[in-house]
Amino acid sequence: MADNHEDTGGPDEAAVQLAYMAELMNKGSPQASSLGFHTLEISPGRALVRVKYREDLIGDPATGVIAGGVVTTLLDHTCGQAVYAGLKKAVAIATLDLRIDYMRRSEPGLDVFVAANVYKWTHSIAFVRAIAYDRDPQDPVAAAQAAFMLDASAGRPPGANLKPPARGSAA
Amino acid sequence: MSEETAIEKIQAALTTIPYARYLGVQVVFNGDEMTGVLPFAEKLIGNPMLPAIHGGALGAFMELTAIAQLSVLQPSAKRPRTIDVSIEYLRSARPVATYARAEVKKVGRRIANVHVEAWQDRRVAPIAFLRAHFLVDPED
């Protein structure tokens, strides 16, 4: 086990702190907050997050099915939250890759849930699996596998790897 | 179907898909060469500390670009359904406009393979790639 993550359940106080951190991550991220992501369960290396069905998130007007892109975003977000919840100290994390299989369309009108679980930690990488479902985790809408880089900014201030925007390039 | 009607059809489709409207995705054509455009919007920010556009929104944008490119190739075909996507993130997406271009690597009777590249200020410095398979002849 690497030493940069938390692998014990810890006392209730830790659970309360994680739940608080998850809500901060949801509310503090404009995209997560705009899509209405809500964390239902959070523990070190695990997260369960919901997106409510909404008409402006429909991907196919003919069927009313929620867009695959919303599921993609919820998968990425939940995987990241599971990783963050398992860190021993807060460091920047970054998605390296995200692979998604879309098994079936979700049912129109139903909320979508993503359950993510870090199944392997190394010193610098967290490997995560996740499923998206509407009614039953045994009958998933999508399955994903992702790799996250830990301490993505390697001790530098957040965003140190970013170049300043070129003049006149802003949208 | 002529190229122009195909282009009009794609642009119309993007305005009728609620989620494409939510993201603000646009397409620009130079002849038959298509570029997806994701104008920056505050709500796309995933990490406010950097700030950086959410990786999921970026993936969704690239997937929509791939679907639009398939419609350029096969204007009268049914709406393709995504089978799988694989997204690689190279750099954080800064709070500026993002562009994407898709290349259909193979389109068979049932399956299409599409690669997408996304960049911001400099095309030579891509921020992400997406590779995807689509069912081009969904049965329902």
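Presented here is a report on the structure given in the accompanying data block.

**Describing the overall build of chain B**
Then comes step 1: Tallying secondary structure elements over chain B gives 3 helices and 8 strands in all.
Then comes step 2: Across chain B, helices and strands are ordered from the amino to the carboxyl terminus as α-α-β-β-β-β-α-β-β-β-β.
Then comes step 3: Over its C-alpha atoms chain B spans a radius of gyration of 15 Å, differing by no more than 12% from the 14 Å that the globule rule assigns to 140 residues.
Then comes step 4: Taking the principal axes of the C-alpha coordinates as reference, chain B spans close to 45 × 30 × 25 Å.
Then comes step 5: Counting over 140 residues, chain B shows a buried share of 41%.
Then comes step 6: Sequence separation of at least 24 residues holds for 63% of the intrachain contacts in chain B that already meet a minimum separation of 6.

**Regarding the sheet that holds strand β7 (residues 125–133) of chain A**
Then comes step 1: The 12 strands are arranged β1(A)-β2(A)-β6(A)-β7(A)-β8(A)-β5(A)-β5(B)-β8(B)-β7(B)-β6(B)-β2(B)-β1(B) in an open sheet whose pairing can be described as antiparallel. Because the sheet does not close on itself, it has two edges, and the strands there are β1 (38–43) of chain A together with β1 (26–30) of chain B. Looking at each pair of strands side by side, their axes are set apart by 20 degrees on average, direction ignored.
Then comes step 2: Examined bridge by bridge, strand β2 (residues 46–51) of chain A and strand β6 (residues 112–121) of chain A share 6 bridges and lie antiparallel to one another. Opposite R46(A), over in β6(A), you have N117(A) as the bridge partner.
Then comes step 3: Contacts between helix α1 (residues 12–28) of chain A and the sheet are confined to β1 and β2 of chain A, with β1(A) contributing the most and set at about 145 degrees to the helix.
Then comes step 4: In this fold helix α3 (residues 68–86) of chain A packs onto β1, β2, β5 (93–102), β6, β7 and β8 (142–150) of chain A together with β5 (81–89) of chain B, with an angle of close to 40 degrees to the strand it touches most, β6(A).

**Concerning the nonpolar core**
Then comes step 1: By size, the foremost hydrophobic cluster in this structure holds 89 residues, and its most contacted members are L74(A), L75(A), C79(A), V128(A), A132(A), F148(A) and F61(B).
Then comes step 2: It is helix α3 (residues 55–73) of chain B that contributes the most residues to this core, 10 residues altogether.
Then comes step 3: Each residue touching C79(A), except ones within four places of it in the same chain, is listed here: A116(A), V128(A), A130(A), A144(A), A146(A) and F148(A).

**Quick notes on α3(A)**
Then comes step 1: Counted at 1.5 Å a residue, the expected span for α3(A) with its 19 residues is 27 Å, and the 27 Å between its end C-alpha atoms agrees.
Then comes step 2: Counting buried positions along α3(A) gives 19 out of 19 residues, so the element sits mostly inside the fold.

**Quick notes on the interface of chain A and chain B**
Then comes step 1: Tallying the contact residues gives 36 residues for chain A and 37 residues for chain B.
Then comes step 2: Considering each element in turn, the side of chain A that touches chain B owes the most residues, 9 residues, to β5(A).
Then comes step 3: Partitioning the side of chain A that touches chain B into residue classes produces 17 nonpolar, 13 polar and 6 charged.
Then comes step 4: Of the pairings in the sheet, the one linking β5(A) to β5(B) comprises 5 bridges and is antiparallel in character. Of the residues in β5(B), the one forming a bridge with D101(A) is D84(B).

**Here we look at α1(A)**
Residue pairs spaced three or four apart in an α-helix point in one direction, given the helix's 3.6 residues per turn.
Residues and elements named next belong to chain A.
Then comes step 1: For α1, built from 17 residues, the straight-helix expectation of 24 Å at 1.5 Å per residue is met to within 8% by its first-to-last C-alpha distance of 24 Å.
Then comes step 2: Buried residues of α1: L18, A22 and M25, and no others. Taken around the axis of α1, the buried residues stretch over an arc of 60 degrees, which confines them to a single face. Exposed residues on α1 whose side chains face more than 90 degrees from its buried face are D12, E13, V16, Y20, L24 and K27.
Then comes step 3: At its buried positions, α1 is contacted by α2 (30–35), β1, β2 and α3.

**Regarding unusual backbone geometry**
Then comes step 1: Look at the link from L50(B) to P51(B): it is a cis peptide, with omega at -15 degrees.
Then comes step 2: Within the secondary structure layout, P51(B) lies in the loop between β3 (45–47) and β4 (52–53).

**Details of the packing of α3(A) against α3(B)**
Then comes step 1: For the pair α3(A) and α3(B), interaxial distance at closest approach is 8 Å and the crossing angle is 150 degrees. Comparing their axes, α3(B) and α3(A) come out roughly antiparallel. Two packed elements cross with a definite hand, and for α3(A) against α3(B) that hand is right-handed. Contacts between α3(A) and α3(B) involve G68(A), G69(A), T72(A), T73(A), D76(A) and H77(A) on the former and, on the latter, G55(B), G56(B), A57(B), G59(B), A60(B), E63(B) and L64(B).
Then comes step 2: By residue class, the composition of the contact of α3(A) with α3(B) is 3 nonpolar, 8 polar and 2 charged.

Cut-offs used in this document
- Residues numbered from 1 in each chain as written.
- Chains lettered and ligands numbered in written order.
- Predicted model: local features only at pLDDT ≥ 70, side-chain atom pairs only at ≥ 80, totals over all residues.
- Helix = DSSP H or I, 4+ residues; strand = E, 2+ residues; numbered from the N terminus.
- Rg over C-alpha atoms; globule rule 2.2 N^0.38 Å.
- Buried ≥ 20, exposed ≤ 12 C-beta atoms within 10 Å, placed from the backbone.
- Contact = placed C-beta atoms within 7 Å.
- Pairing = 2+ DSSP bridges.
- Axes fitted to C-alpha atoms, helices over the stretch in contact; angles between N-to-C directions.
- Core = buried A, V, L, I, M, F, W, Y, C linked by C-beta atoms within 7 Å.
- Expected span 1.5 Å × (residues − 1).
- Nonpolar A, V, L, I, M, F, W, Y, C, P; charged D, E, K, R; others polar.
- Arc of directions from axis to C-beta.
- Parallel < 35°, antiparallel > 145°, perpendicular 65-115°, else oblique.
- Left-handed = near helix turned anticlockwise from the far one by under 90°.

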